[in-house]
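# Examination of the molecular architecture
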Amino acid sequence: MTHPILLTPGPLTTSTETKTAMLSDWGSWDGAFNAITASVCRDLIAILHAEADHVCIPLQGSGTFAVEAALGTLVARNGKVLVPDNGAYARRIFRILKYLGRQSVVLPHDEREVADVERIDAALAADPDITHVAQVHCETGTGILNPLPAIAAAVANRGRRLIIDAMSSFGAIDIDARSLAFDGLITASGKCLEGVPGMGMVIARRATLESSADNSASLVMDLVDQWQYMQKSGQWRFTPPTHVVAALRAALDQFLVEGGQPARLARYTENCHVLIEGMRALGFKTFLPSALQAPIIVTFYSPPDPSYEFAQFYRLVKERGFILYPGKLTTVDTFRVGCIGAIGPDILRQAVDAIADALRQMGVRRYG
Ligand SMILES: Cc1ncc(COP(=O)(O)O)c(C=O)c1O
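About the thresholds
Along each chain, numbering runs from 1 in the same order as the chain's sequence is written. Only residues with pLDDT of at least 70 are given local features in this predicted model, and only at 80 or more are side-chain atom pairs given and counted; all residues enter the totals for whole chains, interfaces and linings. Two strands are counted as paired when DSSP detects at least two bridges linking them. Helix numbering and strand numbering both begin at the N terminus, where a helix is a DSSP run of H or I of at least 4 residues and a strand a DSSP run of E of at least 2. Fitted lines through C-alpha atoms serve as axes, helices being fitted only where they are in contact, and the angles separating the N-to-C directions of these axes extend from 0 to 180 degrees. In this description, any two residues whose backbone-derived C-beta atoms lie within 7 Å of each other are considered to be in contact. Note on terminology: a nonpolar core is any set of buried Ala, Val, Leu, Ile, Met, Phe, Trp, Tyr and Cys residues joined through C-beta atoms within 7 Å. Burial in this document is a count-based property: other C-beta atoms within 10 Å of a residue's C-beta are tallied, and the residue is buried at 20 or more, exposed at 12 or fewer, or partly exposed in between, with C-beta positions derived from the backbone. The split of the chain into domains comes from an automatic or database domain assignment. The C-beta atom of each residue is placed using the backbone, and any residue whose C-beta lies within 6 Å of a molecule or strand is treated as near it. Three classes are used: nonpolar for Ala, Val, Leu, Ile, Met, Phe, Trp, Tyr, Cys and Pro, charged for Asp, Glu, Lys and Arg, and polar for all others, with Gly counted as polar. Directions are taken from the helix axis to each C-beta atom, and the arc is the one they span.

## Some points on the sheet that holds strand S2 (residues 54-60)
- Pairing within the open sheet is mixed, and its seven strands lie in the order S2-S10-S9-S8-S5-S3-S4. Edge positions in the sheet fall to S2 and strand S4 (103-108), since each of these pairs with one other strand and no more. Here the strands of the sheet are splayed against their neighbours by 20° on average, with no regard to which way each runs.
- Judged from the five bridges that link them, strand S5 (residues 132-136) and strand S8 (residues 161-165) form a sheet pairing that is parallel. Bridged to His 132 within S8 is Arg 161.
- Running over the sheet, helix H2 (residues 31-47) touches S2 and strand S10 (199-205) and is turned about 125° from S2.

Here it is as C-alpha cells:
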C-alpha cells in the first residue's frame, strides 16, 4: 500500500533514508547510541550559531512537552510572562503557564496581525514585574511569521528574558544566537528538520539553566535534571526514544547535505509559492496576505459553496494521495496545507491537481 503524502506541519513526510534509520534497535546505555544523541545536540546548537552560551537538552514527548518543560524550568516560580497572542500556539503557552502557576499577561492581537513590537515594548515598560516574553516564531495555527529579531531586541533592551517557541520554524528560518538574545528556544524532531515525531529539544542559555535548579515542580519536565544527568552520564535520564533519535540523526545528515537552513528555506519557499499560485489560479483565497506568510503552512478559506464539506473533501483528497490539515480558526471556516517535509514543488503541483479533482467530484463550483 502506498501511503499518502502528508501536507501537514508535523508529523510530515520523511525520506526513505530517515525511515530506514529506524530499522535498528539501540540500547539506551550503549556508547554508540549516546554518541548519536550528543552529535544531534551539537548540530542543533550549530544551526543556531549558539556554541558560545547555549546548551541543548532533548526531552521525550511531543513539542508541547518541551514547551512546558522550558517554561517550567527557565521561568522562576515568582516570574511573570508576557505572551503576545496572535494564534492558537500562543494561547497554548498561556494555558501551560496557568497549569504551572506562573503569572502571565496576554497581549491580544488579531490573527492576521504580526506580534507588535511597539506594544510589546510598551507592555514591558508599563509592568516592571514582567520577567519574560514567550514568543511563538511561526504561528502554525495560521502560518504567520512573527518578527523575531525586532521582538528579541525590544525584550533585551528592557532587560527581560525571551523564550521562543520555534517549533515550526527552526531549521527553515534563520535564527542566529550571535545577534538574537534568548534564554530558551524550543523545537521538535518531526518539524522542519524532517525527522519523525517523538522528542522535543530546548536550546537554553547555560547560565540561566545553571541558576534554574529549583524552578520545576515536575521531575520528568525538569530540564536542569535532564541536562545534569546527560552531562554526567552521556545518557538520557529515562527510556530514550531511540528510533526517533536515530531518525533525527539521519534527517540532520540530509539537512546538512542539502545545504542547511538556507537550502531548506529555499525549497519550502518554492513549495509555498507553487501551492499558493496553484490554489489562487483555482480561485482559492489565502487567509494571510503574502507579506505575512511563512513558507511553512498556508491557511485557505474553505469554498463558500453549499456542496463543500471538509470531511468529504479530506477523504477525496486522501484517496488521491494527499493528507490535508483542518483549519484552527474559530471565527472563519478554513483548511491548511503544509509546505514542509521531504517534498518538493512537483508534489505541491500534484496536490493542487488532486484538490481541484476532489472538488470537481463534490460538485463544488465556487472556490473563493
Ligand atoms: C508553533 C507550535 N508550537 C507548539 C506545537 C506543539 O507541538 P506538538 O503538537 O508536537 O505538541 C506546534 C505543533 O505543530 C507548533 O506548531
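## Points about the nonpolar core
- Core analysis: the largest hydrophobic core is formed by 116 residues, its most contacted members being Ala 70, Leu 71 and Val 202.
- A total of nine residues in this core trace back to one element, the largest contributor, which is helix H9 (residues 242-258).
- Mapped onto the domain boundaries, this core takes at least three residues apiece from domain 1 (16-257) and domain 2 (262-362).
- Those residues in contact with Ala 70 that sit more than four places away from it in its chain are Ile 163, Gly 184, Ile 186, Val 202 and Leu 223.

## A word on the site of the ligand
- Surrounding the ligand, one finds 13 residues, the nearest of these being Ser 62, Gly 63, Thr 64, Thr 140 and Met 167.
- The element best represented in the shell around the ligand is helix H3 (residues 63-74), accounting for three residues.

## Thoughts on the domain arrangement of the chain
- Domain annotation of the chain identifies domain 1 (16-257) and domain 2 (262-362).
- For domain 1 and domain 2, the distance between their C-alpha centroids amounts to 28 Å.
- Every contact between the two is made by 19 residues of domain 1 and, on the other side, 17 residues of domain 2.
- In terms of residue class, the side of domain 1 that touches domain 2 is built from nine nonpolar, seven polar and three charged.

## Some details on the sheet that holds strand S11 (residues 297-301)
- If you trace the three strands from one edge of the open sheet to the other, you get S11-S14-S13, paired in antiparallel fashion. Looking at which strands have only one partner, the edges of the open sheet turn out to be S11 and strand S13 (325-326).
- Pairing of S13 with strand S14 (residues 334-338), which is carried by two bridges, proceeds in the antiparallel orientation. Note on S14: the bridge partner recorded for Tyr 325 is Arg 336.

## With respect to helix H8 (residues 223-233)
- Within H8, burial applies to Leu 223, Val 224, Gln 226, Trp 227 and Met 230. In an axial view of H8, the angular spread of the buried residues amounts to 165°, which keeps them on one side of the axis. Exposed residues lying more than 90 degrees from the buried face of H8 are Lys 232 and Ser 233.
- Along its buried surface, H8 packs onto S2, H3, S10 and helix H7 (206-210).
- Immediately beyond the C-terminal end of H8, within one or two residues, lies Gly 234, with a positive phi of roughly 80°.

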